Structures are given as structure tokens and as C-alpha cells.
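Structural features, examined
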Amino acid sequence: MSSIRVENLGAALGAEVSGVDLSRPLAAGTFAEIRRAWLDHLVLRFRGQKLSDPQLLAFSRQFGELDPPGPNPYGKPFLPEHPEMNVISNIKSGGAPIGGLGDGEAIWHADMTYVDTPPMGAILHALELPPAGGDTYWANMYLAYETLPPELKKRIAGREAIHDATYNSAGMKRKGYAEVTDPRKAPGAHHALVSTHPETGRRCLFLGRRRNSYILGMELEESEALLDELWAHATRAELTFRQQWKVGDVLIWDNRCTLHRRDSFDPDARRLMHRTQIKAAVPHPVP
């Protein structure tokens, strides 16, 4: 008999897992159920969790080796005692931000696709929340690919795109990078527009983020038009799940087959989340 309950949160993706306390060590069978549910639903939510940072790290490491956060605009870890953990927050202490992304919108993206082997997934723990706003959305890139018109599938077959490293999802330039004026010259990894998930074997779109993306081998105008078409298709409402946060929520998502974004919120409100990410076990998959 299953030791946990898994209930769908959205038609396209997302499930809530209950009957488990993530602050305690998980039995092998229980964790196997959670991992299976994660692969099936792409995004899992655990409500009412009270985790210390070491407990969040311990839960995260069950999925694999942790990936350190990408470079933030301030050039140093937000949590020196836990450099493998990131802080997402608009709070300032002594005039300095204690975390990244601030209070503005974070546009659709997958995490750290500007490196050759992006992280497998990420986990976010809600510690403080504004009274409204700051909702997070995920989009299912399996369905995005499967529902593409046949002619679009043909146009992107075998194509690769540049995944720009210059800006984060809040539009802030990363430390050490110059402004990009020509997407064809943007720094960052090159990835196939269609990838195959290494665990499920399913094909999905792999878009990264829209800004400064460029499809190799195309005229810039043709690349821009095709990318606009792909992004409009991939982020349609019927392919998404909306997360309205509560304190104690823990969310884990599969970075290999989803995109996500965040709504803005009142800059005078406080929002604090701690975040881990899991290193990919294999190099980024190709078709």
C-alpha cells in the first residue's frame, strides 16, 4: 500500500504530495514513490513543511548531487554557510539584498540552460510571503512539443539555439558580462530545440529563455519569427499550472521538461524562499 497520496493540481502538470514529513529521513520506498510522481507530474508540491536549511539540503540530496547556484548580480553567495543553496528574496538588510530576483516579474525560463549541462531540477521552500502576488507558473514542454503543428516540428528538427548567459530571469545583467546587441553573438551554450528526457524517453521542447536566443544557421529575422511562434505556443494557458504559495510549501520541478515564471508583487511586502538545485546525472540530452 502506498505510503503517500498524490493528487493532480492541474490538467497539464503538477501534483500535490501529502502524507510525508520532509524534515525526517525518508524510507527508500517512500522516496521511490516521490521520484516516480515527480517524473510523472513534472512539478510536485508538499504543503505545511517546516524545514531547516540542513533538512532542505538533506531532502534535496536524495535526488542527486547538488549544483551550486549560478552567478548572481552581486558576485557572492547569499548564504556563505550553505553556498550550495540560493536565496530568492526582495528583502534588504543594511541596504543590501539578502537574495536574488527582487519583487519584479521573472519571465518564462528554464534554469541555467546557458551552461552545457543545466541542472536536472530545483526545489523551492517558502519561508515568508507577501499577502498577494508572487505566484509561480510552470509549463509542460512535453505537451508543448507534442501539440506543435507538424510543419513546425519539421522546421525545428535538428536545429540548435543559443542560450544567452548575460541576463537572469528578472532581466538583471550577471556580473562580468557585457550587454548583448546581436543575439547571434550572445555568450552561452548551444542546445537542440527538441530534446529527449533521459529518464522518461519522451521528447520535449527545450527553449531556455527568449531574450537573445538565436537559432543557429538562420537569418536573424527568420530566427526571431520562429522563436516567437514557438514561445507563444509553449506558454499557452492550457499547458501551464499556477502555484499560489503558502508558507511551508516545498515545490520541486523537473528543469529538463518545464519552463517557469513568476508574477511581480508589492515591493513593500516581504518574500523569502530558499532554493536548491540538482545536478544533471548525464549531459544534456539530444534527440
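This report concerns the structure included in the present document. It should be emphasised that the depicted structure is a prediction, and the values quoted were computed from it without experimental measurement.

This part covers the pairing of strand 18 (residues 258-262). Of all five residues in strand 18, five are buried; the element is thus mostly enclosed. Side chains of strand 18 alternate between two faces, with Thr-258, His-260 and Arg-262 and Leu-259 and Arg-261 buried alike. Sheet topology note: the strand 8 (residues 106-109)/strand 18 ladder contains two bridges and is antiparallel. Of the residues in strand 18, the one forming a bridge with Ala-106 is Arg-262.

This next bit is on the sheet that holds strand 19 (residues 272-278). Spatially, eight strands are ordered 1-2-3-17-9-19-4-7 in an open sheet, and the strand pairing comes out mixed. The open sheet has two edge strands with one neighbour each: strand 1 (5-8) and strand 7 (100-101). By the bridge criterion, two bridges tie strand 2 (residues 15-18) to strand 3 (residues 43-46) in an arrangement that is parallel. Residue pairing for strand 3: Glu-16 is matched across the bridge by Arg-45. Lying on the sheet, helix 1 (residues 28-41) is in contact with strand 1, strand 2, strand 3, strand 9 (121-128) and strand 17 (250-254); it crosses strand 3 at an angle near 130 degrees. Where helix 2 (residues 53-61) meets the sheet, it contacts strand 3, strand 9, strand 17 and strand 19, and its direction lies at approximately 30 degrees from that of strand 19.

Read across the open sheet, the three strands follow the order 12-11-15; overall the sheet is antiparallel. Edge positions in the open sheet fall to strand 12 (190-192) and strand 15 (214-215), since each of these has one partner strand only. Relative to strand 15, strand 11 (residues 160-162) runs antiparallel, the two sharing two bridges. Paired with Ile-162 across the two strands is Tyr-214, which belongs to strand 15.

This next bit is on the environment of Leu-127. Secondary-structure assignment places Leu-127 in strand 9. Spatially, the C-alpha atoms of Leu-127 and Leu-272 are 5.4 Å apart, while their sequence positions differ by 145 residues.

Any two side chains of opposite charge can pair if their charged atoms end up close together. Within this structure, the stated rule accounts for 19 salt bridges. Between Arg-45 and Glu-16 there is a salt bridge, with the nearest N and O atoms lying 2.5 Å from each other. With a gap of 29 residues between them, Arg-45 in strand 3 and Glu-16 in strand 2 connect regions that are remote in the sequence. Two residues, Glu-199 and Arg-256, come together in a salt bridge whose shortest N-O distance is 2.9 Å. Of this pair, Glu-199 sits in the loop between strand 13 (194-196) and strand 14 (203-205) while Arg-256 sits in the loop between strand 17 and strand 18; the two residues are 57 residues apart in sequence, bridging distant segments of the chain. A relative accessible area of 36% places Glu-199 in the partly exposed class. Residue classification places Arg-256 among the buried positions, given a relative accessible area of 9%. Here the salt bridges do not stand alone but share partners, grouping Arg-35, Glu-199, Asp-254 and Arg-256 into one network.

So, how was this worked out
Residues numbered from 1 in each chain as written. Predicted model: local features only at pLDDT ≥ 70, side-chain atom pairs only at ≥ 80, totals over all residues. Heavy atoms only, no water. Buried < 20%, exposed > 50% of the residue type's maximum accessible area, 1.4 Å probe, protein only. Helix = DSSP H or I, 4+ residues; strand = E, 2+ residues; numbered from the N terminus. Pairing = 2+ DSSP bridges. Contact = heavy atoms within 4.5 Å. Axes fitted to C-alpha atoms, helices over the stretch in contact; angles between N-to-C directions. Salt bridge = Lys/Arg side-chain N within 4 Å of Asp/Glu carboxyl O.

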